[in-house]
Amino acid sequence: MKNTIKNFLLSATALFLTCSFAESPAAYDAATTGKSARSEMPVGGVYVVFAGKYGGEITKKEMTGQRELRVEGCHKDSKIVKFTLEVTKGGKTTSLQAESNVLTQEMLTKLNALSPGDKFEFKNSRAYLSDNKVTVDARGSKFVVV
């Protein structure tokens, strides 16, 4: 009985010491990569991808030639069927809507006119999942032009 209690206390102490040196995932992300968790691809669910990114910082060069949105987190043949582009330039917000995955000419003009510090976001996005033949919400994230 004495050895059982002694082994239990020794095991509990070892476990406590082992866990106390582990770094939390949130601290790791901010401290080591310098990127916020928001700029990374999300885990689970369907999400909107523009210029190969799910939000975060984006350069004018990365946006050049981008004319459509992609969807990730689901079957490869799935696609965006509806979205709203919300552009904030100089503190003024404009919303534009599309009924496909392709950006309209007006959207492209607004995006090309953005300056560093301006923001845009894809909201109210819907994606058609080809494998299940259903339409679902797709998450978007904010982009900041650098």
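For the structure itself, look to the data block above.
Since this is a predicted model, take the numbers as computed values, not measurements. Throughout, residues of each chain are indexed from 1 in the direction in which the sequence is written. Two thresholds apply to this predicted model, a pLDDT of at least 70 for residue-level local features and 80 or more for giving and counting side-chain atom pairs, whereas whole-chain, interface and lining totals are computed over all residues. To get the side-chain values, take all heavy atoms of the structure and skip hydrogens and water.

### Description of the pattern of salt bridges
What counts here: Just to be clear on terms, a salt bridge is a Lys or Arg side-chain nitrogen sitting within 4 Å of an Asp or Glu carboxyl oxygen. Helix numbers and strand numbers start at the N terminus; a helix is a DSSP run of H or I with at least 4 residues, a strand a run of E with at least 2. Accessibility here uses a 1.4 Å probe with only protein chains present; expressed as a share of the type maximum, an area under 20% marks a residue as buried, one over 50% as exposed, and anything in between as partly exposed.
Evaluated as defined, the whole model comprises five salt bridges. Here K123 makes a salt bridge to E86, at a shortest N to O gap of 3.2 Å. Separated by 37 residues along the polypeptide, K123 in strand β6 (residues 119-129) and E86 in strand β4 (residues 79-89) bring together distant segments of the chain. A relative accessible area of 31% places K123 in the partly exposed class.

### Considering unusual backbone geometry
Although it is not a glycine, A51 adopts a positive phi angle of roughly 55°. A51 sits in the partly exposed class, given a relative accessible area of 22%. In this model, K133 sits at a positive phi of 55°, which is unusual for a non-glycine residue. Along the chain, K133 falls in the loop between β6 and β7 (134-138).

### Notes on the pairing of β4
Keep this limit in mind: Paired strands, as defined in this entry, are two strands with at least two bridges between them according to DSSP.
Relative to β6, β4 is paired through eight bridges, and the arrangement is antiparallel. Within β6, the residue paired with V87 across the bridge is F120. Across seven bridges, the pairing between β4 and strand β5 (residues 92-98) is antiparallel. For K89, the partnering residue across the bridge sits in β5 and is K92.

### Details of a nonpolar patch on the surface
Put simply, the test is: The patch calculation keeps residues exceeding 30% relative accessible area without a salt bridge and links them within 9 Å when they carry like charges or within 5 Å when they are nonpolar (Val, Leu, Ile, Met, Phe, Trp, Tyr). Each accessible area value is a Shrake-Rupley result obtained with a 1.4 Å probe; residue values ignore everything except the protein chains displayed when judging cover.
Residues M1, I5, F8 and L9 make up a contiguous nonpolar surface patch of roughly 500 Å² in combined accessible area. The exposed category is assigned to F8, whose relative accessible area is 58%.

The values are spatial; any link to function lies outside them.
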